[in-house]
Amino acid sequence: MLNLFDPRSVPLSRRGSWLCVSWIAEDAAFWLRHLRGGDEHTDLGRLFKLLPVDGEGRAVSGTWSLQPDSLSFHAEVGELHLAFADADTLALQGRGLGLRLTLQSKRYDYAQRLDERAVHVSCASQDLSARVALSSGELQLDAPWQGQRAERIALDMRPDAAGAVAASVHLYRVMPARSDVASFEAARADAAADFQAWLSQTLAVDEDLQPLRRLAAYITWSCIVPAEGRLHYPAMYMSKNWMTNIWSWDHCFNALALAAQQPELAWQQLAVLFELQHDSGRLPDFANDLQAYWRFTKPPVHGWTVAQLRRQSAWTQDRCTQMHEWLAAQARSWLATAPEGGLPAYDHGNDAGWDNATVFLQGTPLQSPDLSSFLILQLEELAALAEHLGRPAQASEWRGQADALFNRLMARLWTGERFVARLADGTVVNDGDSLIAYTPLLLGSRLPAAIREQLLAELFEPGRFLSAHGLATESQRSPHYRADGYWRGPIWAPTTMLFVDVMDRCGRPDLGDELARRFTAMCAGIGAAGGLAENFDAQSGAPLRDPAFTWTSSVALLLGHRLLKKKNTV
């Protein structure tokens, strides 16, 4: 059976932790990493490089394997096991093997023996201390002092005469929260129980997708970081590989996958970014514990998202009021980019989420059909919220704005044959053939039936967008198509989710089911390499870029659950 838990793709971590153990390909090594500060770390938060060693301190070759509760190393001479005992403590157990920790010694880093079985390491560049302690085995430290820092820091935890080693690495800021040596078995049991509780609240899928469900549950569970600093709620990061932030459209898809079983956490995934909303209504591009980044933003998929969340969760009046305020401010911030009687525009591809899509080849500001489509859906949701809150006049005003924007979209960006993107001077962008031009299909019955049928036929035209695995983001016949071209070819989870919804809105749920089948099969490794990566080669299905991504996991769960419900209603 395909092993989706590839430790060179999927980090070891647990819910609520800023730490992980992950493979860094450029070093050909596993590292214990610290993820505060987001992906601005030039060193990816490297703390300690991990190297299995024998009783004499010699490096040992072997095989690594990952389970949700532990990371293990097996060799002819023994084995090692690692598990997170809590958010800040990594526990180790070995038989016949030990582990060397090597710190990249920088300014002010040092290490001190506390006693024969414990060492304090100053990781000054990351404002952390580590307490490494053994309950069995031998501790050897190599950290020669150079006046202000250690020249190097290497710490061996080697097996004792009986071949055993047991130790833990506890990270802290000011004072250690624990002075004991965390038990590996207790750590593994605690992590396993917490993961099992999460798995039990994860969307159900059919039997053939169970391994994929387990991986998706693990990635989403392990990528939760605690409320801290700029993050006022627990936040599901996009990854604990290197996309270590929460972005302001990714969070929508994660919230949708949580809504049925964990509605409070789903709400928090929206609120964690909306609470950072600027007075102008703009959302940050991304946020982490230290900062909100404002140079870019992300598309307003939030009205589309909230409409679905409200169908699944019983929101209080206060929450509906709050969401109405947030969505209204965001919508106004985008509408303010439109000239009088015109359409809103993107300043950069990053603002669209489709960073390098071919519609941006000729420059910006760009009136792209997806932006107005998302805003029409957001205005419709604002009308629905206003009705729910007993504000009929306000609801009527929002509906009027939605109608007016739709009329401007059709007059400006529908040529009679296709939707186009235009520059501010009216120039039509003719470079490329991007899937983004088909997002107005989300408007469903607002579009005349003839337009819907034409655009759907083009989407499913053999060899253009549709591949064996789903919809490519750039036509496979386009001169700009690239297998690993980011938004110029690869299949992405959010666009797949949006176009599955397109099929429902256009009266073709059968086509939505087909897209769901192709995407989930690709992720499950049925006819493809498998995995839950940032995006996928449209033709081979090979995973690309960050190999363990939460919005991909969430979409795979949502689509797998859709297929199960359809099967159960037949």
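Further up the page is the structure itself.
Residues numbered from 1 in each chain as written. Predicted model: local features only at pLDDT ≥ 70, side-chain atom pairs only at ≥ 80, totals over all residues. Heavy atoms only, no water.

Participant: Can you tell me about the overall build of the protein chain, naming the residues and giving the values?
Facilitator: Along its length, the protein chain carries 13 helices and 26 strands. Computed over C-alpha atoms, the radius of gyration of the protein chain comes to 26 Å, within 12% of the 25 Å expected from 2.2 N^0.38 for 570 residues, which places it in the range of a compact globule. Seen along its three principal axes, the alpha-carbon backbone of the protein chain occupies a region of about 80 × 50 × 45 Å. Relative to all contacts within the protein chain whose residues are 6 or more apart in sequence, the contacts with residues 24 or more apart total 62%. Per element, the accessible surface of the protein chain, about 21200 Å² overall, is 49% carbon and sulfur. Taking the average location of the 53 positive side-chain charges in the protein chain and that of its 65 negative ones, the two points are 1 Å from each other. (Helix = DSSP H or I, 4+ residues; strand = E, 2+ residues; numbered from the N terminus. Rg over C-alpha atoms; globule rule 2.2 N^0.38 Å. Contact = heavy atoms within 4.5 Å. Areas by Shrake-Rupley, 256 points an atom, 1.4 Å probe, with all protein chains shown as cover. Lys, Arg positive; Asp, Glu negative; His and termini not counted. Charge placed at Lys NZ, Arg CZ, Asp CG, Glu CD.)

Participant: I'd like a description of the state of the cysteines, backed by residues and values.
Facilitator: Tallying each qualifying case throughout the model produces zero disulfides. In this structure cysteine 252 is not part of a disulfide, and its nearest cysteine sulfur, from cysteine 320, lies 16 Å away. The buried category is assigned to cysteine 252, whose relative accessible area is 0%. (Disulfide = S-S within 2.5 Å. Buried < 20%, exposed > 50% of the residue type's maximum accessible area, 1.4 Å probe, protein only.)

Participant: Which residues make up the environment of tryptophan 145, and what values go with them?
Facilitator: One can find tryptophan 145 in the loop between β12 (138-142) and β13 (153-158). In this view, tryptophan 145 contacts Tyr110 and Ala150; residues no more than four positions away in its chain are not counted.

Participant: Give me the packing of aromatic side chains: which residues, what numbers.
Facilitator: In this description, a pair of aromatic rings is defined by centroid distance and the angle of the planes. Tallied over the full model, the rule gives 30 aromatic pairs. Ring plane angle 70° and centroid distance 6.2 Å describe the contact between phenylalanine 195 and tyrosine 218, whose orientation is recorded as edge-to-face. Residue phenylalanine 195 is located in helix α1 (residues 184-200), and its partner tyrosine 218 is located in helix α2 (residues 210-222); the two are separated by 23 residues in the primary sequence. Considered together, phenylalanine 195 and tyrosine 218 belong to a single accessibility category, that of buried residues. (Phe/Tyr/Trp six-rings, centres within 6.5 Å; stacked < 30°, edge-to-face > 60°.)

Participant: Break down the side chain of histidine 302 for me, citing the residues and quoting the values.
Facilitator: In this fold, histidine 302 is placed in helix α5 (residues 302-312). By relative accessible area, which is 1% here, histidine 302 ends up buried. Polar contacts involving the side chain of histidine 302 include one to the side chain of histidine 251, which spans 3.0 Å. A distance of 3.0 Å separates a polar atom in the side chain of histidine 302 from a polar atom in the side chain of glutamine 330. Apart from the residues lying within four places of it in its own chain, the contact partners of histidine 302 are Ser248, His251, Cys252, Phe274, Leu283, Leu327, Gln330 and Gln378. (Polar contact = N/O pair within 3.5 Å; in protein donor to acceptor, adjacent residues only side chain to side chain.)

Coordinates in, geometry out; function isn't part of it.
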